[in-house]
Each structure stands twice: as C-alpha cells, then as structure tokens.
Amino acid sequence: MSRDFWLACGHHLTGRNDAGGLLVTDALLAAWLARPELVPPAEACDAERALHAALLADPRRRVAAVEVAGLADPDARENWQVWLGFRDHLLAHPTIEAGYAALFRRDLAGVPPLFLDQLVQLILRNALDGCEDALRLRAAELFFRPQRASTEGGNLLLADEEAVESAARTGGRGSLGALLAEAGAGPRSVELDVLSPENAGLYWDRSDRHDTVLDLTFGREGQDALARVIEVWVRHMTGAAVSVQPLQTIHDEAWAWYVGLDAEASAIVGRLWDGEPVDAGALARIAALFRLEFTDPAEMLPRVAGRPVYLALAVDGSKRVRLKPQNLIENLPLARGRAAA
C-alpha cells in the first residue's frame, strides 16, 4: 500500500472520473469555505455570516449578485465575488485539470495565486498518486510553493519560502543561515534538512510542513527528480509523453524551441533567443536547464517536429524561485492543445 502525502491539500475530498481526472465535490468546496480567508471575521455583517452559512450547507448554491452587493464591507464583497467566480469556473468544467487549463485562456487578473497553487497541488497529488520517491515529491513542491535559493558552498539549495520565514520568526537554529540572510530575515540561522536518498524517509511524516531542502545542484538527484515530475505533469495535463533530461549547457547552434519555467528564465532565455547580449550576472541566475523530447514527434507543431525543446529555470534578483507550471501547458509546441482527463 502506497504512503500518503500532502494530506492538507484536500485530495481525499475530491472524486475521480473514469479517465482519472479530479472532480469537484461538495466536500472539497466546503473545505475551501472553511479556510480563514473565507470564514467571516468577528466584525462581519449579518448578511455575510448568512451567506457563508448558506454556502456551507449547499456549496453549489447559486448566489445572486444582489446578495453579494448587500454585504457591508467592500473588501468582503470583492473577496466573495472572486471566490464565487472561481467556484463557478471550476463547476463549469468536467474536471479540476480542465478547469485549471482553461483559466489560462481567459484574463487571470482576478484569480489569486493562492487559488492557482491549490489547484496545482491537487492535480499533482492526483498525478503522483502512488509515487514512492520522496525526492520527486519534494521537487514537485516547486510547482506550487515559492522557494528561496542559497548557493552556499557552490551548491544550489532550495528551501520553501514560507518555511524559511517561519523559522526566522521562531529563531530556528542550524547550518543554513545563508537562506535567512538572502531572504532578508536578519542574522538568525535556520536548521532545515537537505533531502537526499539516504534520509528521504523523513519526508513522509513532514510532507505538509514543507520544511525539507531540495539540492538542485547539477548532477545531483534533485534535478533528475524535477525532470521526472515535469514528465508526469506534461503527460497528465496534455496527454503527450515526453522525456526530460537535465543539462549543464545547451550545445545546439540551431535550437528550435524553448520554454522558460518562470518569469526570470523566460526573460533571460528570450534575450538569448533574440541574439541580444546577456550579462554574466543574468546567466548565473539560471538554476537549471533541461532537454525535453516528445516520444511521438507527431504530437508537435510540424515545423519543429522531432526537435528538442529546451527548458530553463532561474533564480530572480531576490534569490526567489517561482516555477510557473502553466508554461508547460501553454508554451510547449503542441500540435493540439488539450487538457488530459
């Protein structure tokens, strides 16, 4: 029997269709309604309390615009408009995967990053169900949790941003003080375990704490783990089988396609693609490179069929890594765009 992980994401509250896609259930919606962001505060008006109670009783309940307009607090009105729009968007699609993919075909200005991250975690929990490789699960956290980077000792170490900040507040002690210094958290040091094949077992009881460090140094297991997660994500979300391998440099004078896995990498590699000069400092911020190949070239746009796709991940000027998984849906040279399941 496989071990469970990421219990707090609510995966156990979802349903599945015959193709393995996640279904929105009343239990999942009720769990979201119980989040502190949606529970009415002590000073909330009676109308907001009544709306929240009615939705807990019937999470799919249609809410008229006049009900939201009648809330006394303008911030509360905006919050409920956003959440109800998000809920209705998901309910209008057959699966959570389809709803997530469709979000990027519309204006995302009103969708909080928190909502997107919750969907990505649910989708990856589904796609990685049964995975026994803790390093892959830790690498998958990059898809939905911002990271802080340290290059202490010439190694590239990624720690969960929230875990680093929490340790700073509580006065954590240990050997990775550089992570706090680079996060602007002052002189305190923080003790976080660097996950490795030797100590990977500790991840299972701590998966919801997100307090282990991923070594993303080239040639280490962390980069291979991230490559395998990228394969799983692309297959699950597009139906296309791909193979992904870490690279130290790109030796291809006629590279045909690239995908930046975050905003910083997109900007840096975009300048290289356009033949513009890129200073050494910007190049040094490239954290990882990958070569992605489609198992079936017919899955690709005809003009690049059979050619590799290069992927880049970067650290920004604040030592932050923020992977954007939607780029692996929207920006691959797929012959047809579709969400799996």
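Look up a bit, the structure's there.
Since the model is a prediction, treat every value here as computed from it, not as a measurement. (Residues numbered from 1 in each chain as written. Predicted model: local features only at pLDDT ≥ 70, side-chain atom pairs only at ≥ 80, totals over all residues. Heavy atoms only, no water.)

Visitor: Break down the overall build of the chain for me, citing the residues and quoting the values.
Guide: Broken down by element type, the chain carries 13 helices and 11 strands. For 341 residues, the compact-globule estimate of 2.2 N^0.38 gives 20 Å, and the chain sits close to it at 21 Å. Projected onto the principal axes, the alpha-carbon positions of the chain cover approximately 65 × 55 × 45 Å. Taken over 341 residues, the chain has a buried fraction of 48%. Within the chain, counting contacts between residues at least 6 apart in sequence, those at least 24 apart form 65% of the total. Roughly 15600 Å² of accessible area belongs to the chain as shown, and the carbon and sulfur atoms make up 50% of that amount. Taking the 35 positively charged and 48 negatively charged side chains of the chain as two groups, their mean positions are separated by 1 Å. (Helix = DSSP H or I, 4+ residues; strand = E, 2+ residues; numbered from the N terminus. Rg over C-alpha atoms; globule rule 2.2 N^0.38 Å. Buried < 20%, exposed > 50% of the residue type's maximum accessible area, 1.4 Å probe, protein only. Contact = heavy atoms within 4.5 Å. Areas by Shrake-Rupley, 256 points an atom, 1.4 Å probe, with all protein chains shown as cover. Lys, Arg positive; Asp, Glu negative; His and termini not counted. Charge placed at Lys NZ, Arg CZ, Asp CG, Glu CD.)

Visitor: How would you explain the layout of surface pockets if you had to name every residue and give the values?
Guide: Roughly 580 Å³ of internal volume is contained in the largest pocket. Along the walls of the largest pocket sit 23 residues, with Arg35, Leu114, Gln118, Gln121 and Arg145 positioned nearest its centre. Put simply, the parts of the chain that give the lining of the largest pocket at least two residues each are helix 1 (26–33), helix 6 (113–127) and helix 8 (161–170). No other element matches the 5 residues that helix 6 contributes to the lining of the largest pocket. In terms of residue class, the lining of the largest pocket is made up of 10 nonpolar, 4 polar and 9 charged. Each pocket or cavity is described by its volume, and for the second largest pocket that value is around 270 Å³. (1 Å grid on protein atoms, 1.4 Å probe; cavity = no way out; pocket = protein on both sides within 12 Å on 5 of 7 lines; lining within 4 Å. Points joined across faces, edges and corners; volume = space filled by probe spheres on them. Nonpolar A, V, L, I, M, F, W, Y, C, P; charged D, E, K, R; others polar.)

Visitor: Just give me the short version of helix 2 (residues 46–57), but keep the residues and values in it.
Guide: Spanning 12 residues, helix 2 covers 17 Å between terminal C-alpha atoms, matching the ideal 16 Å at 1.5 Å per step. For helix 2, the full list of buried residues reads Glu48, Leu51, His52 and Leu55. An end-on view of helix 2 places all buried positions within 95 degrees of arc, on one side of the element. In helix 2, the exposed residues that point more than 90 degrees away from the buried face are Asp46 and Ala57. In this structure, the buried residues of helix 2 make contact with helix 1, helix 3 (65–69) and helix 4 (74–91). (Expected span 1.5 Å × (residues − 1). Arc of directions from axis to C-beta.)

Visitor: So, the side chain of threonine 212: which residues are in play, and what are the values?
Guide: Residue position: threonine 212 is located in strand 6 (residues 212–215). For threonine 212, a relative accessible area of 2% translates into the label buried. Residue contacts for threonine 212: discarding those within four places in its chain leaves Arg138, Leu158, Asp193, Leu195, Leu202, Tyr203 and Arg206.

Visitor: Let's hear about empty space enclosed by the protein: which residues, and what values?
Guide: Empty space left among the atoms is revealed by rolling a probe the size of a water molecule over them. Applying the stated criterion across every chain yields a total of 1 cavity of 30 Å³ or more. Each pocket or cavity is described by its volume, and for the largest cavity that value is around 50 Å³. Along the walls of the largest cavity sit Trp32, Arg35, Glu37, Leu38, Trp83, Leu114, Phe115 and Gln118, which together make up its complete lining. It is helix 6 that contributes the most residues to the lining of the largest cavity, 3 residues altogether.

Visitor: Summarise the packing of helix 5 (residues 96–103) against helix 10 (residues 221–238); cite the residues concerned and give the values.
Guide: Relative to each other, helix 5 and helix 10 sit at 95 degrees, their axes nearing to 10 Å. By the criterion of interaxial angle, the relationship of helix 5 to helix 10 is roughly perpendicular. Residues Glu97, Tyr100 and Ala101 of helix 5 form the contact with helix 10, whose participating residues are Trp233, His236 and Met237. Classifying every residue of the contact of helix 5 with helix 10 by side-chain character gives 4 nonpolar, 1 polar and 1 charged. (Axes fitted to C-alpha atoms, helices over the stretch in contact; angles between N-to-C directions. Parallel < 35°, antiparallel > 145°, perpendicular 65-115°, else oblique.)

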